[in-house]
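Residue-level listing of the chains:
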Amino acid sequence: MPELPEVEVVRRGLSRWITNQQVLDVEVLDPRSVRRHRQGPIDFVTSLRQAELEQPQRRGKYLWIPLDCRRQDRGHPTALVVHLGMSGQVLLNQPDALDPKHLRIRITLIDSMSGEPMEMRFVDQRIFGGLYLDRLDYADDVDELIPATVSHIGRDPLDGHFDVERVYRILKQKQTGIKRALLDQSLASGIGNIYADEALWRAKIHYLRPCNRLTRQQIRDLYTSVQYVMKHALDQGGTSFDALYVNVNGESGYFNRSLQVYGQDGRNCSRCLDEGYETTIRREKFMNRSSYFCPRCQPAPRKTRR
């Protein structure tokens, strides 16, 4: 599933090319991809047609494109929300380009200045993602508009208003393992399995370490590691293991070449090698997925040691 860096790469690509573009036409090729739009496919098409797209925004893994002020929902500003799901892609193409496989929605745009057309295409192999329209509301204590369906999630670690001290106070009340807390989108959004493992390795913390046993400095170091890993991934265009994740130009990211632990089971820990040790990265089952860690760098809590 695309995580924060992958969604941010898509947001940046959209921001460059679609801001201030007008929607000329909308074609829903598979109604399942607009199932989150409660009013149905016809309303989705008619409500979006002729709207002008503003600067794309993001919180965590959620991406949305505000519509111009003329498109109101009972007095509320509205946005086009993009939910990538497991395999969703947003591609920008010229109208004469061949349709990609698994094309679900086609949005034809026209540049208000040049009059040149362009297509924004939503492609989704597994159909877990989709597009829908949602009203924008003010969130938290900051003068910021976000979709109502996104208001339940926390700020992400790259957000300028992210408060690590607040996170620490919450975690001190939890006995759950730290990785489970990292994946809790209501606490801090955008952290998925890949970047959780990478950040925990950098911070030298085992994924089962109880939250309330971590010091304030360890929590700070952990979220600093999260920020470092995500920024590094952004610089390389995100993480691509197959053709399911690409940016708006159809290009893959290369952060998978920099992964230290995720997917590296059976290989030696690079940090241990630098220190003169040969320690093999391990993989363990965790929440219907996997966790990767170095048993020397990230010693398990005593009660979980075998």
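Quick caveat: nothing in here was measured; it's all calculated off a predicted structure.

S.K.: What is the right way to read the overall build of the protein from this model?
M.R.: Broken down by element type, the protein carries 7 helices and 12 strands. Burial statistics for the protein: of 306 residues in total, 51% are counted as buried. Summed over all atoms, the accessible surface of the protein reaches about 15200 Å², with 44% contributed by carbon and sulfur.

S.K.: How do you make sense of the sheet that holds strand S8 (residues 117–124) when you look at a structure like this?
M.R.: The pairing of strands in a sheet happens through backbone hydrogen bonds and is either parallel or antiparallel. Spatially, the 4 strands line up as an open sheet ordered S1-S7-S8-S6, and their pairing is antiparallel. The two strands at the open ends of the sheet, each matched to only one other strand, are strand S1 (21–28) and strand S6 (88–93). When the angles between neighbouring strand axes are averaged without regard to direction, this sheet yields 20°. The pairing of S6 with S8 spans 6 bridges and is antiparallel. Along S8, the bridge assignment pairs Leu 91 with Arg 121. Where helix H1 (residues 4–18) meets the sheet, its contacts fall on S1, S6, strand S7 (103–111) and S8, and the angle it forms with S6 comes to roughly 25°.

S.K.: How should the pairing of strand S9 (residues 130–138) be read in this particular structure?
M.R.: The side chains of a regular strand alternate, first on one face of the sheet and then on the other. Note: strand S5 (residues 76–83) against S9, 6 bridges, orientation antiparallel. Paired with Leu 80 across the two strands is Leu 133, which belongs to S9.

S.K.: Explanation requested: the side chain of Arg 11 in the structure shown.
M.R.: You can see Arg 11 is positioned in helix H1. Among the residues examined, Arg 11 registers a relative accessible area of 17% and is labelled buried.

S.K.: Can you help me understand helix H3 (residues 164–171) in this one?
M.R.: Structurally, the α-helix is built with 3.6 residues per turn, so residues lying three or four positions apart point the same way. Looking at H3, one finds that the buried residues are Val 164, Glu 165, Val 167, Tyr 168 and Leu 171. Taken around the axis of H3, the buried residues stretch over an arc of 155°, which confines them to a single face. For H3, the secondary structure elements touched by its buried residues are helix H4 (178–182) and helix H6 (216–235). Where H3 starts, the residue carrying a side-chain oxygen 3.1 Å from the main-chain nitrogen of Glu 165 turns out to be Asp 163.

Calculation rules
- Residues numbered from 1 in each chain as written.
- Predicted model: local features only at pLDDT ≥ 70, side-chain atom pairs only at ≥ 80, totals over all residues.
- Heavy atoms only, no water.
- Helix = DSSP H or I, 4+ residues; strand = E, 2+ residues; numbered from the N terminus.
- Buried < 20%, exposed > 50% of the residue type's maximum accessible area, 1.4 Å probe, protein only.
- Areas by Shrake-Rupley, 256 points an atom, 1.4 Å probe, with all protein chains shown as cover.
- Pairing = 2+ DSSP bridges.
- Axes fitted to C-alpha atoms, helices over the stretch in contact; angles between N-to-C directions.
- Contact = heavy atoms within 4.5 Å.
- Arc of directions from axis to C-beta.
- Polar contact = N/O pair within 3.5 Å; in protein donor to acceptor, adjacent residues only side chain to side chain.

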